[in-house]
Amino acid sequence: MSVLTGKKKSNIIKDWRQQPKSIEKFQFIHHFLPHPEEKTRATLLSNRAIIVYCAAMLLIAGIFRFLPKVVPGVLGYASDISVKDLLTYTNAKRKESGLSELRLNSALTSAAYQKAEDMFKDQYWAHISPDGTEPWDFILGQNYDYIYAGENLAKNFKSSKDVVEAWMKSPSHKENLLSSNYDEIGFAVVNGVMEGYETTLVVQFFGRPRNAAQVASVYEEQTVLEKESTRTAAVSEREKEPATEGTSEAVQKPVYTQAPSEKPAIDVTTATKTVSAVFGGFVGTLLALDVWYSRRKGLHKFTGHTVAHLGILILVVASIWFVLAPGIVL
Amino acid sequence: MKEKSDLHIVEYSVLLTLAFIISLLFYYFRYNHGVLIFLSGVSSFAYILWGLIHHALEGRLTKFIATEYVVFGVLIFLLLYTVLNF
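Residues numbered from 1 in each chain as written. Chains lettered and ligands numbered in written order. Predicted model: local features only at pLDDT ≥ 70, side-chain atom pairs only at ≥ 80, totals over all residues.

Per an unreviewed UniProt entry, chain A goes by the name SCP domain-containing protein and belongs to candidate division WWE3 bacterium.

### Observations regarding the overall build of chain A
Cut-off, in case you're wondering: Only DSSP runs of H or I with at least four residues qualify as helices, and only runs of E with at least two residues qualify as strands; both kinds are numbered from the N terminus onward. The exposure label follows from counting other C-beta atoms within 10 Å of a residue's C-beta, where the C-beta atoms are placed from the backbone and the thresholds are 20 or more for buried and 12 or fewer for exposed, leaving partly exposed in between. Residues are defined as contacting one another if the C-beta atoms placed from their backbone atoms lie within 7 Å.
The number of helices and strands found in chain A is 12 helices and 7 strands. Scored against the burial criterion, the 330 residues of chain A give a buried share of 35%. A separation threshold of at least 6 residues defines the contact pool for chain A, and within that pool the share at least 24 residues apart is 76%.

### Section: the interface of chain B and chain A
To keep it simple, the criterion reads: Ten residue types, Ala, Val, Leu, Ile, Met, Phe, Trp, Tyr, Cys and Pro, are classed as nonpolar, four, Asp, Glu, Lys and Arg, as charged, and the remainder, Gly among them, as polar.
Counting residues at the interface gives 28 residues for chain B, matched by 36 residues for chain A. Only helix H1 (2-28), helix H2 (33-58) and helix H3 (63-84) of chain B provide two or more residues apiece to the side of chain B that touches chain A. In terms of residue count, the dominant contributor to the side of chain B that touches chain A is H3 of chain B (15 residues). Counted by class, the side of chain B that touches chain A contains 19 nonpolar, 7 polar and 2 charged residues.

### Section: the confidence of the model for chain B
Fine structural detail should not be taken from predicted coordinates in areas where pLDDT scores are low. Selection rule: Confidence of the prediction at every residue is given by pLDDT, a number between 0 and 100.
Of the residues in chain B, 95% have a pLDDT of 70 or more, and the chain-wide mean is 89. Ranking the elements of chain B by mean pLDDT puts H1 of chain B last, at 85, and H3 of chain B first, at 93.

### Some remarks on the UniProt feature "domain: SCP" (unreviewed entry) in chain A
We apply this condition: UniProt positions are given in the numbering used here, feature names are shortened, and annotations may be inferred rather than shown by experiment.
Sites flagged by UniProt as "domain: SCP" (unreviewed entry) map to residues 88-197 of chain A. Across residues 88-197 of chain A one finds 45% helix and 22% strand; the C-alpha atoms that close the span lie 28 Å apart.

### Focus: the packing of helix H4 (residues 83-96) of chain A against helix H7 (residues 160-169) of chain A
Helix-helix packing is described using two parameters, namely the angle between the two axes and the distance between the axes. Residue and element names in this part refer to chain A. Defined as follows: All axes here are fitted lines through C-alpha atoms, helices being fitted over the stretch that makes contact, and every angle between N-to-C directions spans 0 to 180 degrees. Take the far helix as the reference: if the near one is turned anticlockwise from it by less than a right angle, the crossing is left-handed, and if turned clockwise, right-handed.
Between H4 and H7, the least distance of the axes is 9 Å, while the angle of their chain directions is 35°. Pair H4 / H7 crosses with right-handed handedness. Residues Asp85, Leu86, Tyr89, Thr90 and Lys93 of H4 touch H7, and the partners they reach there are Ser160, Lys161, Val163, Val164 and Met168. Per-class residue counts for the contact of H4 with H7 are 5 nonpolar, 2 polar and 3 charged.

### Points about the nonpolar core
As a reminder of what qualifies: Defined on buried residues, the nonpolar core groups Ala, Val, Leu, Ile, Met, Phe, Trp, Tyr and Cys residues joined through C-beta atoms within 7 Å.
If you look at the biggest cluster of nonpolar residues, it comprises 42 residues, and the most contacted ones within it are Phe187 and Val202 of chain A. At the level of elements, H4, helix H5 (106-122), helix H6 (135-141), strand S3 (146-155), H7, strand S4 (184-194) and strand S5 (197-209) of chain A are the ones that each hand at least two residues to this core. Other than its neighbours up to four places away in sequence, valine 202 of chain A contacts Ile81, Leu86, Leu153, Ala154, Phe157, Val163, Phe187 and Val189 of chain A. Val283 and Val317 of chain A together with Phe26 and Phe72 of chain B belong to the second largest nonpolar core, which has 32 residues in total.

### What about the pairing of S3 of chain A?
Looking along a regular strand, one sees the side chains alternate between the two faces of the sheet. Residue and element names in this part refer to chain A. Inclusion rule: For two strands to be treated as a pair, DSSP must find at least two bridges joining them.
Burial runs high along S3: 8 of the 10 residues are buried. Note: S3 against S5, 9 bridges, orientation antiparallel. Paired with leucine 153 across the bridge in S5 is valine 203. Strand direction decides the pairing type here: S3 and strand S7 (residues 328-329), joined by 2 bridges, are antiparallel.

In structure tokens:
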């Protein structure tokens, strides 16, 4: 470390006084780089600055929570889930475990749609509705006489694969998915607004009919899938043209939405991930600059370990971007 | 000098092991947001504790450094919580 003599020091101060712009430049640059004299990090990495970032994160999280109450449907979860894919992935998991494939049943499918619509209508997310209606009531309501029945629910997921993977990760849902007690299955994939957020609910009903001869045939399954695909196409068409006249029977099928079932203006998953990655990335970049500058200038600061902070922050940002996925199962 | 370097290696090994275990748990419970929020809290607390113990053993734990680890721990938790809360 070099030590300035009194004369040299006074010359530098004199020069700076004559050039106020260089003082400003010196001060500005230390918003981003460590202070050699004070032996501290950049101003934007000070404890105060980190507290400000924490407050900003809290404020943004608060806005994301409050906004749907004021403007429902603006924030939401964009998804690409289909009954066909859900059936394929479910049966693939059963096949891997040496179990028979489940057949798509029209009565279970209708019951699943009714359950999803009921959840949107009464704004609940549970197996039993606030008025005490149980999943079995929806199934029996479709005259499906069963020996065994089961229900899995999912919301806010991005893809069909993610839904099935999440069910497989949860012991109770996995038990339903891989149960040898079931022969048939029904799915509902319904868009709507839940607690102010535009989202997609998935209902999965399992069943074994009392009369084994009633198990859906391949032909019946194909018919349900075709109806499902017609319904999806009709709903997409209706979204594009809300004033279309002569709605088909498929559109009149139970697709309950409290708001137009459009993609949300802001995908809440992408928005929160971006906010976290931007804040984390900004602080991480300043920490990396701190390590580089301090090593280059041989600075020893009276602070914690920058490399440790940087390492943890990289791990957190990587987890946020690559590991965390939206979606809740019930 | 060598003792100090050995201590550093041990302490950083502890941090790396913790980070590795928590990463594995994060991946395993990636669809269970309740568990992930809990894990985020535990990770932040563990990091603060690691920083405090590390600097205490080095004999240079000051109020400023303690505050620094606390605010960084809180920032790490909030970065994860903002994503997991939705």
